[in-house]
Structures are given as C-alpha cells and as structure tokens.
Amino acid sequence: MFSFILKRLFNLSKTRSRKRPANFIDKKNIIGVEILKNSSALTRIFEINKHFITNSTKARFKLHKPLSSEVLTCHLRQRKLPHWTSFCVYYHEVVNDQFGKSHFNWQVDGKNYHILRTGCFPFIKYHCSSRDYADLDAENAFYTFLKVLNLGIPTLAYGIGSWCLVKYSEDVVMPSGKTVKVYFLNKERPDAMY
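First, a word on what this report is: a plain description of the structure on this page. (Residues numbered from 1 in each chain as written. Predicted model: local features only at pLDDT ≥ 70, side-chain atom pairs only at ≥ 80, totals over all residues. Heavy atoms only, no water.)

### Quick notes on the side chain of Ser 102
- With respect to the element layout, Ser 102 can be found in the loop between β1 (84-90) and β2 (103-108).
- Looking at Ser 102, its side chain comes within polar contact range of the side chain of Thr 144, at 3.2 Å.
- A distance of 2.9 Å separates polar atoms of two side chains, one belonging to Ser 102 and the other to Lys 147.
- If sequence neighbours within four positions are ignored, Ser 102 has contacts with Ile 115, Leu 116, Arg 117, Asn 140, Tyr 143, Thr 144 and Lys 147. (Helix = DSSP H or I, 4+ residues; strand = E, 2+ residues; numbered from the N terminus. Polar contact = N/O pair within 3.5 Å; in protein donor to acceptor, adjacent residues only side chain to side chain. Contact = heavy atoms within 4.5 Å.)

### Looking at the side chain of Thr 85
- Its location among the elements puts Thr 85 in strand β1.
- Taking relative accessible area as the criterion, Thr 85 reaches 0% and is therefore assigned buried.
- For Thr 85, the residues in contact, after removing those within four places along its chain, are His 75, Leu 76, Tyr 126, His 127, Cys 128, Phe 184 and Glu 188. (Buried < 20%, exposed > 50% of the residue type's maximum accessible area, 1.4 Å probe, protein only.)

### Digging into the pairing of strand β6 (residues 179-184)
- Sheet analysis places β1 next to β6, joined by two bridges and oriented antiparallel. When the sheet's bridge partners are listed, Val 89 is paired in β6 with Val 182.
- Pairing of strand β5 (residues 168-173) with β6, which is carried by six bridges, proceeds in the antiparallel orientation. When the bridges of β6 are listed, Val 172 appears paired with Val 180.
- The turn joining β5 and β6, which pair antiparallel and follow one another in sequence, is formed by five residues; a positive phi near 100 degrees is taken by Gly 177. (Pairing = 2+ DSSP bridges.)

### Here we look at the nonpolar core
- Leu 72, Ile 115, Tyr 126 and Cys 128 are the most contacted members of the largest nonpolar core, which has 20 residues in total.
- Those elements that place two or more of their residues in this core are α3 (68-78), β1, β2, β3 (111-120), β4 (123-130) and β6.
- Counting residues per element, this core draws most heavily on α3, which supplies four residues.
- Beyond its immediate stretch of four places on either side in the chain, Leu 72 contacts Phe 87, Gln 98, Trp 106, Ile 115, Tyr 126 and Cys 128.
- Within the second largest apolar cluster, five residues are counted, among which are Cys 88, Tyr 90, Phe 123 and Tyr 183. (Core = buried A, V, L, I, M, F, W, Y, C linked by side-chain atoms within 4.5 Å.)

### Quick word on the sheet that holds β2
- If you walk across this open sheet you meet the six strands as β2-β3-β4-β1-β6-β5, and the pairing is antiparallel. Each having just a single partner strand, β2 and β5 make up the two edges of the open sheet. Across the sheet, the mean angle from the axis of one strand to that of its neighbour is 35 degrees, orientation sign disregarded.
- When β3 meets β4, the two strands line up antiparallel, connected through eight bridges. The residue of β4 that forms the bridge with Arg 117 is Tyr 126.
- Packed on one face of the sheet, α3 meets β1, β2, β3, β4, β5 and β6 and runs near 100 degrees to β5.
- Sheet contacts for helix α5 (residues 153-165): β1, β3 and β4; angle to β3, the most-contacted strand, approximately 95 degrees. (Axes fitted to C-alpha atoms, helices over the stretch in contact; angles between N-to-C directions.)

### Side note on the environment of Pro 175
- Note on placement: Pro 175 falls in the loop between β5 and β6.
- Classification of Pro 175 as exposed rests on a relative accessible area of 72%.
- As a C-alpha pair, Pro 175 and Cys 74 span 101 residues in sequence and 8.1 Å in three-dimensional space.

### Thoughts on the environment of Arg 117
- Position of Arg 117 relative to the elements: it lies in strand β3.
- Accessibility expressed as a relative area gives 5% for Arg 117, which makes it buried.
- C-alpha separation for the pair Arg 117 and Ser 102, spaced 15 residues apart in sequence, amounts to 4.8 Å.
- With residues up to four places along the chain from it excluded, the contact list for Arg 117 reads Asn 96, Gln 98, Phe 99, Lys 101, Ser 102, Phe 104, Ile 124, Lys 125, Tyr 126 and Lys 147.
- Within the structure, the side chain of Arg 117 is placed 3.3 Å from the backbone oxygen of Lys 101, a separation counted as a polar contact.

So this is what it looks like as structure tokens:
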C-alpha cells in the first residue's frame, strides 16, 4: 500500500499533459491533490501538506473544537493571571496547535509566562510560571530532543499516571461560550506563589 502511494506521488503520468483548473481533483489520484506534469517533488509535497492542513482546519471548524492555545489563554485569564498553575486538558477536547513546543514564552494581557508543555496521552499537560521574557529556544530544543530520544515512553507513562491521579477539574469558558474541562492533580490556591 505504501509503495503504491509513493508511486502515485512521484510518478508522472503521460496522460496528464493538459493543464486543469486549480480546484480540479482527479478521481484517480488517491491523495486528492492536482499533480501537474512538470511539477517538482517538493512542490507536490507542499501541495499535499496544504491539502491536509486545509482539511484539518475544516474539520476543526466543523467540530467546533477550540485551539489548545485558546484554552491556555482563557484558563490564565479566568484564574486572574496567577503566579503559576499546572493543568491537563484532554487531546480530544481541543485542536493541538502547539505541537512540537515544549518550553516557550506566552503573553497574556501584558504578563509573560514560561510554559512547560508536553503531550502525555490522553492529556496535554501545561505548567505555567509567571516570569520575565527569556530566550527559551535552547531549552525547547533540548526537551524535544529528550522526548524523541525516549520514544515518548515517559510522556505516555506520565499521561496514564495523570489519568489515574486527577482529582479536581474546572470548566474554562471560551470566547465562543463553549466550556472545556481542565484537570488538576492537586487543588490549587488562587494566590499561591508555588
């Protein structure tokens, strides 16, 4: 099956010599993008990625799932910009728009947070600390490297452990009016410094 897809992707058919409209989808093309006779492999890969991104965006709006970044921002605002917080949100409740980010800065209403984020199935885990802006690219690359090196096994164990130990939850109200439930391992005090 995989070799068939690769052949369809990289072989150029002699029958596709005429130009077709940009919105044309060839029913014989299982990938669902127009592959022109003279296009390069990189152009074809870009077209495929564009097709999948467009379809995933359509699916997001169709299902009305909020972005994980929106949930993060709304949670921090709802908590009145706390000094720190740590929470989990289920993967199936949000669109994971922060994939690949492990340690980064996040601005909310002029206040900067250092965010430690990991995908620990079935959750996305956030740890947020209020700190001054800093260049976190090296730490982000290091944490991502560790996750890849360990094949994600510790993050999976962390997710299953969190799933067994979550005790508290809170509804985060999104700008659209929809609520998303976030989960905590410990009850957090609103004025806590750590």
